[in-house]
Structure formats: C-alpha cells, structure tokens
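Each chain is listed here by its residues.
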Amino acid sequence: MIILKKTRDIITIGFALFAMFFGAGNLLLPPYIGIQIGDHVGITILAFGLTGILLPFFGILSVVNSGESFQDLGTRINHFLSPVLGTIIMLCIGPLIAIPRTAATTFEVGILPSFPNSDPLWTSIGFFAITWLLTIAPSKVVDIIGNILTPLLLILLISLIGMGIFAPMSDFKESSLDTEQSFTLGFVDGYQTLDVLASVIFAGIIITASRTKGYKTIKSKNQVVIAAGILASSCLFIIYGGLIYLGATSGIEDLAIKRSELLIHISRAIMGPFGTIAIAISIALACLTTAIALTSAVGTFFSTLTNGKLSYKLLVTVCCIASCILSITGVDNIITFAYPILTFVYPIVITLVLYTVFFGTFVKNKKPYVAALIASTVIATLSLAKHFNLLSEATLSTLNHIPFFKYELGWVVPSFVLFVLMVLISGTGKSKE
C-alpha cells in the first residue's frame with residue numbers, strides 16, 4: 001500500500017509539474033521552430049530539450065539540493081541574490097510575460113478561430129476570473145492540476161502528435177539553416193519557454209506538495225520530487241519532439257505566419273474539423289494550468305518577500321488584473337517583447353543552476369559562484385547591447401572571439417574560467433563572511 005501511494009503521489013505531482021511547465025510558449029514555439037529547420041529535426045529537438053527540459057530539471061535539483069525554496073538556493077551564494085534575482089524571475093514568469101501570454105494564446109488559438117469577431121478583453125477577463133478562483137486556495141493547486149486537468153491535456157496532444165507521425169502532412173522542406181544554426185535556434189528559442197526561470201520557483205511548490213502528502217524526511221521528499229521531475233521531463237520530451245516534427249512536416253514555408261495560425265493549420269490538417277476543437281481544448285488546459293501555477297507562485301513569493309505585509313490573496317488579485325491588461329497586446333508582441341529580457345536573464349539563472357548542481361556538494365566557498373555569476377551577467381549585458389545594435393563593429397568583432405558568443409552562448413566559457421580561477425585562488429571551503 002505504501003508503494004502504491006508513493007507511485008500515485010509521484011504521478012500526481014509529476015503530471016502537475018508537467019502542466020505547470022507546459023503553457024502557451026511551450027505549445028506555440030516548437031511547431032514554429034519546425035518550419036525553419038528542414039530535416040534538421042533531431043539536432044533541433046536535442047537543442048530545444050537542453051534549455052526546455054534538461055535545464056529546468058536541473059533547476060529543480062538545484063533547489064532540492066539547497067533546501068525548500070528559491071530563497072534557499074540564492075542564499076547559498078549571496079543574501080541579496082534571492083530577493084533581487086527572484087524578483088526579476090517572478091516578473092518574467094509572472095505578470096510581464098508568461099501569464100499574459102497564456103491568456104493571449106487561449107484567445108488566438110482557442111477562441112478566435114471559432115468566433116472571429118470575439119473581443120480579446122472579454123476572453124482575458126473570463127480567463128483570469130477562473131485563474132483567480134482556482135489559485136486563491138494555494139494548497140489545492142497541485143491536486144487540481146495533476147489529477148484533473150493534465151491527463152486530458154496529454155491525451156489530446158499525444159493523439160495529435162501520433163496521427164501526425166503516422167500520416168505526415170508533407171515531406172521536409174529545404175531550409176536556409178545549417179546544422180549549427182538549427183542547434184542554436186532550438187537552444188535559444190528554448191529560453192522562450194521560461195521553464196528554467198519557472199523551475200527554481202516551481203520546485204518550492206512541488207516540495208511543499210510532497211511534504212503535505214506525508215514525505216517529511218529529506219530522503220523521502222527528495223525521492224518523490226526527483227521522480228516527479230523525471231516523469232514531467234519525459235512527458236515534455238515526447239510533446240516537444242512531436243510538435244517540432246509536426247512543424248517540420250507541416251508543408252508551411254511562410255515564416256511570416258503567426259505562431260497561433262500555424263498551430264491551427266497543423267491541427268486542422270491532421271484532425272480535420274475536430275482539430276480546431278481539440279487544439280482549443282488543449283490550449284485552454286495548457287494555458288490555464290500554467291497560469292494557475294504561476295499566479296500562485298507570484299503570490300507566494302512576494303508575500304514571503306514582504307514577510308506577509310502584502311497578503312497572498314491581494315498579490316494574486318493584482319497579478320491577475322495586471323496580466324489581464326497586458327494579455328490583450330497579443331502573443332507575437334509579447335514574445336517579441338520578451339526576447340531581449342530573456343537573453344539577459346537566462347544566462348544568469350542557468351549559471352546559478354548548473355554550478356549549484358555540479359559543484360555544490362564539494363565547492364562550499366561562495367566566491368567562485370559569485371565570480372561565475374558576474375561573468376555571465378557581463379556577457380549577458382553585452383549580448384543585450386548587441387541585440388539593440390548598441391555595439392560598434394570593432395567591439396562586436398572583438399566579442400565574437402569569445403567562444404560561442406555569436407551563438408548567444410558567450411557566457412559559458414568566461415563563467416567557467418572565472419569559477420575555476422576563484423576556486424584556485426580562494427579554495428573550496430566555506431568562505432568567511
């Protein structure tokens with residue numbers, strides 16, 4: 001009975017975690033990547049999986065290895081890191097980007113095809129009213145998502161992907177991208193899922209859920225959380241890979257097509273008239289589950305940050321209102337707005353996650369981690385300047401000598417070099433404060 005209960009709890013928490021991660025961007029991005037890559041499907045799925053699946057799983061591990069929440073992870077490095085970086089992350093995965101995108105996607109893919117004269121404002125109001133009602137009681141979030149909403153979402157998406165694989169819509173089209181460029185596209189577009197940012201926050205929700213289900217010891221809690229993370233990652237890999245393949249075999253070559261229109265085209269081509277209904281339900285479920293999880297995370301984080309001076313219910317309400325207003329700008333506008341922000345934030349968070357996971361057990365000194373984060377921040381700032389064309393040709397030419405800089409991965413080598421140098425200089429022991 002104990003093994004049966006543990007298995008059931010892992011499935012519930014794992015499905016909930018999958019649904020928390022799998023929202024608007026996760027459904028819209030892979031098919032659009034697919035139409036750009038030709039037959040480079042395998043390498044692109046691998047690249048997208050690194051930032052969209054593996055790194056989020058490492059994000060969960062980094063929190064599990066540090067304590068109970070993102071605050072514990074940040075405090076391992078610096079006391080100021082948790083509130084500052086945590087606030088930036090919460091704004092990105094919260095009311096600025098991710099949550100508004102869920103409602104905008106629901107409207108463009110789920111509502112607009114069947115009701116072309118619909119007003120996005122009313123859809124957003126209805127969407128966030130439901131989100132508010134299901135988020136106001138945080139203790140029920142995981143069970144609502146894991147037991148009720150996710151299974152239906154998985155059935156619909158796996159059915160769509162399975163039909164598209166067994167009866168492809170078209171052959172692979174020619175692509176202007178080579179293998180390296182396809183890899184870079186998949187890797188960098190994986191940032192748009194926001195899942196690495198979300199993972200360090202969602203880990204706290206999942207850990208709390210495991211504790212409420214009776215897993216009080218560190219060993220039992222970690223076993224359940226890690227197993228749930230593996231289950232969620234496996235589901236994500238199947239869905240992402242399938243959606244990229246569907247995009248690559250969709251027959252669409254017009255890169256100007258809106259992401260929502262591409263998804264609708266694919267669903268109709270595979271499932272016929274029922275495809276519109278199926279994808280509408282899938283979108284609504286995917287976006288609603290993510291919106292619930294993110295809104296709950298925003299409320300919990302800022303309530304804790306202010307020591308309860310701002311109540312959870314007030315923060316959830318404000319988050320829903322702000323997200324409702326921003327959501328009517330449309331999916332593509334939100335994605336365009338998000339790109340430069342994410343190319344700055346992601347390298348910093350990835351550095352924190354990876355170095356904690358791989359070196360946290362034997363490098364206790366905080367200085368090497370701070371050095372690595374500084375290196376990633378500097379390179380991320382330069383990449384941001386590059387995006388806005390603020391760098392001279394001479395400066396850009398110099399920066400391109402940094403390994404992988406032109407592939408948006410310039411932070412990798414400098415952060416590692418500074419980390420190793422600081423370990424050699426200051427040692428691996430606990431630093432004196």
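Sequence positions are assigned chain by chain, starting from 1 and proceeding in written order. Per-residue local features of the predicted model are confined to residues with pLDDT of at least 70, and side-chain atom pairs are confined, for both listing and counting, to 80 or more; whole-chain, interface and lining totals are unaffected and use all residues. To get the side-chain values, take all heavy atoms of the structure and skip hydrogens and water.

Engineer: How should I be thinking about the overall build of the protein in this particular structure?
Structural biologist: Regarding its fold elements, the protein presents 18 helices and zero strands. Here the C-alpha radius of gyration of the protein, 21 Å, is about what a compact globule of 433 residues would show, namely 22 Å. With the C-alpha coordinates of the protein rotated into their principal frame, the extents come out at 65 × 60 × 40 Å. The buried share among the 433 residues of the protein stands at 56%. Residue contacts are counted whenever heavy atoms from the two residues lie within 4.5 Å of one another. Contacts in the protein between residues at least 24 apart in sequence constitute 84% of all its contacts with a sequence separation of at least 6. As displayed, the protein offers around 18000 Å² of accessible surface, 70% of which is attributable to carbon and sulfur atoms. Neither His nor the chain ends contribute to the count of charged residues, in which Lys and Arg are positive and Asp and Glu negative. Charged groups are reduced to one reference atom each: NZ for lysine, CZ for arginine, CG for aspartic acid, CD for glutamic acid. Across the protein, the 24 positively charged side chains and the 20 negatively charged ones have centroids separated by 19 Å. In DSSP terms, a helix is any run of H or I states spanning at least four residues, a strand is any run of E spanning at least two, and both are numbered starting from the N terminus. As defined in this context, the radius of gyration uses C-alpha atoms, and a globule is described by 2.2 Å times the residue total to the power 0.38. Note on classification: 1.4 Å probe, protein chains only; a residue is buried when its accessible area is under 20% of the maximum for its type, exposed when over 50%, partly exposed between these limits. Residue exposure ignores everything except the shown protein chains as possible cover, and the areas themselves are Shrake-Rupley values with a 1.4 Å probe.

Engineer: For this particular structure, what's the right way to read the nonpolar core?
Structural biologist: Side chains that are nonpolar tend, in soluble globular proteins, to be buried together. Take the buried Ala, Val, Leu, Ile, Met, Phe, Trp, Tyr and Cys residues and link them wherever side-chain atoms come within 4.5 Å; each set so joined is a nonpolar core. Phe22, Ile93 and Leu197 are the most contacted members of the largest nonpolar core, which totals 136 residues. At 16 residues, helix α15 (residues 331-359) tops the list of elements feeding residues into this core. Leucine 197 has contacts with Ile89, Cys92, Ile93, Leu342, Val345, Tyr346 and Val349, leaving out every residue within four places of it along the chain.

Engineer: Please clarify how the pattern of salt bridges should be interpreted in this entry.
Structural biologist: If charged atoms from side chains of opposite charge come close, those side chains can pair. A pairing counts as a salt bridge when a side-chain nitrogen of Lys or Arg comes within 4 Å of a carboxyl oxygen of Asp or Glu. If you walk through the whole model with that rule in mind, you get five salt bridges. The residue aspartate 9 makes a salt bridge to lysine 5 at a minimum N-O spacing of 2.7 Å. Here aspartate 9 and its partner lysine 5 are both found in helix α1 (residues 2-21), four residues apart, which amounts to about one turn of the helix. Here arginine 211 ties to glutamate 68 by a salt bridge, and the two come within 3.9 Å at their closest N and O atoms. Pair noted here: arginine 211 is in helix α10 (residues 195-212) and glutamate 68 is in the loop between α3 (41-64) and α4 (70-75), with a separation of 143 residues, a long-range link.

Engineer: Would you mind showing me how to read the packing of α15 against helix α18 (residues 412-426) here?
Structural biologist: Lines fitted to C-alpha atoms define the axes, with helix axes restricted to the stretch in contact, and inter-axis angles between N-to-C directions lie between 0 and 180 degrees. Between α15 and α18, the shortest axis-to-axis distance is 12 Å and the interhelical angle comes to 45 degrees. One finds that α15 runs oblique with respect to α18. Handedness of the crossing formed by α15 with α18: right-handed. Counting all contacts with α15, which are made through Thr351, Tyr355 and Phe359, the residues of α18 involved are Val412, Ser415, Phe416 and Phe419. Gly is put with the polar residues, along with every residue not named as nonpolar or charged; the nonpolar set is Ala, Val, Leu, Ile, Met, Phe, Trp, Tyr, Cys and Pro, and the charged set is Asp, Glu, Lys and Arg. A class-by-class count of the residues in the contact of α15 with α18 yields five nonpolar, two polar and no charged. The scheme is simple: roughly parallel for angles under 35 degrees, roughly antiparallel for over 145, roughly perpendicular for 65 to 115, oblique for anything else. Should the near helix be turned anticlockwise from the far one by less than a right angle, the crossing is left-handed, and should it be turned clockwise, the crossing is right-handed.

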